[in-house]
Amino acid sequence: MNRSLDGNYWEERYQAQDMPWEKGEASPGLVDFLAAHAGLKRGAVCVPGCGTGHDVRAWAGAGFDAFGYDIAPSAIQLAKERTAAAGLKARFGLDDFLKDPPPFLFDWIFEHTLFCAIDPRDREDYVRAVLRWLKPDGNYLAVNYLIPDETGPPFGTTREELMKRFSPQFELLSEWVPRSYSNRTGLELMLWWRRRKAEHR
Ligand SMILES: C[S@@+](CC[C@H](N)C(=O)[O-])C[C@H]1O[C@@H](n2cnc3c(N)ncnc32)[C@H](O)[C@@H]1O
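First, a word on scope: everything that follows refers to the structure included in this document. The numbers attached to residues start from 1 for each chain and follow its sequence in the written order. Given that this is a predicted model, residues contribute local features only at a pLDDT of at least 70 and side-chain atom pairs are listed and counted only at 80 or more, while totals for whole chains, interfaces and linings are drawn from all residues. The basis for every side-chain value is the complete set of heavy atoms in the structure, and neither hydrogens nor water enter the calculation.

With that out of the way, let us pick up the nonpolar core. Buried Ala, Val, Leu, Ile, Met, Phe, Trp, Tyr and Cys residues form a nonpolar core when they are joined through side-chain atoms within 4.5 Å. Under the scheme applied here, a residue whose accessible area is under 20% of the maximum for its type counts as buried, over 50% as exposed, and between as partly exposed, the area being computed with a 1.4 Å probe on protein chains only. Residues Phe97, Tyr126, Tyr140 and Phe166 are the most contacted members of the largest nonpolar core, which totals 27 residues. Broken down by secondary-structure element, the contributors of at least two residues to this core are strand E1 (44–48), strand E2 (65–70), strand E4 (106–112), helix H5 (123–133), strand E5 (134–145), helix H6 (159–166) and strand E7 (188–195). We count a stretch as a helix when DSSP gives it H or I for four or more residues in a row; a strand needs E for two or more, and each element gets its number in order from the N terminus. Per element, the largest residue contribution to this core is six residues, and it comes from H5. Should any heavy atoms of two residues lie within 4.5 Å, those residues are considered in contact. In this structure Tyr140 touches Ile109, Glu111, Tyr126, Val130, Leu134, Phe166, Phe170, Leu191, Trp192 and Trp193, once residues within four positions along its chain are discounted. Of all hydrophobic cores here, the second largest spans 23 residues; its members include Leu34, Val56, Ala66 and Phe92.

Here you go:
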């Protein structure tokens, strides 16, 4: 593995239309979560690595103040166009989730195929970024991709790794295997975490 994810890697994939992750719809697990929890207190949601914005639009359509961030300008452009075409309100920013400061602290962060897209050596930075962008008692909802792949993207992970990385700072509220896109059935695990007010590291 090399640092090929640096630079314009993602933008070049959008420009080449080499986007196998682009399913034309929001994560089925997210859609079901929002339908099953219609009474959730509304607030601000951050979707890092939002791509063309399907998940951002699902949160916006459910009444949340939805924000999407991505490092690829083409993704942000498409996300804005598709959100306007859908008649929904959401905001998008060209930001590096791992490096940039948040515009404010969010009530929710929704993870879907960013953790598996970054270099695994940057995963500690990812956890630090979630802590930087989330309110002290905020929710971190993740659709994790449990594949064995060590070369990627996508790079695999395990439930064990996720517990080790997140449980020191987050309390696990719930976990389940969601409905998925057909090629990911049985390979995803949803984890709903709430950030601990007092971190034990
Ligand atoms: C596999 S794609 C998934 C896109 C979207 N979540 C989806 O499921 O359709 C990964 C996305 O993360 C973006 N990305 C990669 N590294 C990022 C970073 N450090 N900050 C923000 N976005 C990033 C890429 O540009 C790409 O759009």
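The next subject is the side chain of Arg123. Structurally, the position occupied by Arg123 is in helix H5. On the basis of relative accessible area, Arg123 is assigned to the buried category, the value being 3%. Contact partners of Arg123, with chain neighbours within four places excluded, come to Phe115, Cys116, Ile118, Phe155, Gly156, Thr157, Glu161 and Arg165.

Salt bridge, as applied in this entry: a Lys or Arg side-chain nitrogen positioned within 4 Å of an Asp or Glu carboxyl oxygen. What the rule picks out here adds up to twelve salt bridges. Here Arg179 and Asp32 are joined by a salt bridge, their closest N and O atoms 2.9 Å apart. With Arg179 in the loop between strand E6 (170–176) and E7 and Asp32 in helix H2 (residues 28–36), this residue pair connects regions lying 147 residues apart in the sequence. Of the residues examined, Asp32 reaches a relative accessible area of 32% and is grouped as partly exposed. Here Arg123 makes a salt bridge to Glu161, at a shortest N to O gap of 2.9 Å. Taken together, the residues Arg123 in helix H5 and Glu161 in helix H6 connect sequence positions 38 residues apart. Judged by relative accessible area, Glu161 falls into the buried class, the value being 19%.

Moving on, we get to helix H4 (residues 73–85). Helix span, as expected, comes to 1.5 Å for every residue beyond the first. The first and last C-alpha atoms of H4 sit 18 Å apart over 13 residues, in line with the 18 Å expected at 1.5 Å per residue. Along H4, the residues that are buried comprise Ser74, Ala75, Ile76, Ala79 and Thr83. In the core, the buried residues of H4 are packed alongside helix H1 (9–15), helix H3 (54–61), E2 and strand E3 (91–94). Where H4 terminates, the next one or two residues include Gly87, which has phi positive at roughly 70 degrees.

The strand order across the open sheet formed by seven strands is E3-E2-E1-E4-E5-E7-E6, and the pairing between neighbours is mixed. What marks the edges here is a single partner per strand, and that holds for E3 and E6. The average undirected angle you get between the axes of adjacent strands in this sheet is 20 degrees. Two strands pair under a simple rule: DSSP has to find at least two bridges between them. Where E1 and E4 come together, two bridges link them in parallel fashion. What sits directly across from Val45, in E4, is Trp108. Docked against the sheet, H4 engages E2 and E3, running at close to 170 degrees with respect to E3. Note on method: axes are straight lines fitted to C-alpha atoms, helices fitted across the in-contact stretch only, with angles between N-to-C directions ranging 0 to 180 degrees. Running at roughly 10 degrees to E7, H6 makes contact with E5, E6 and E7 of the sheet.

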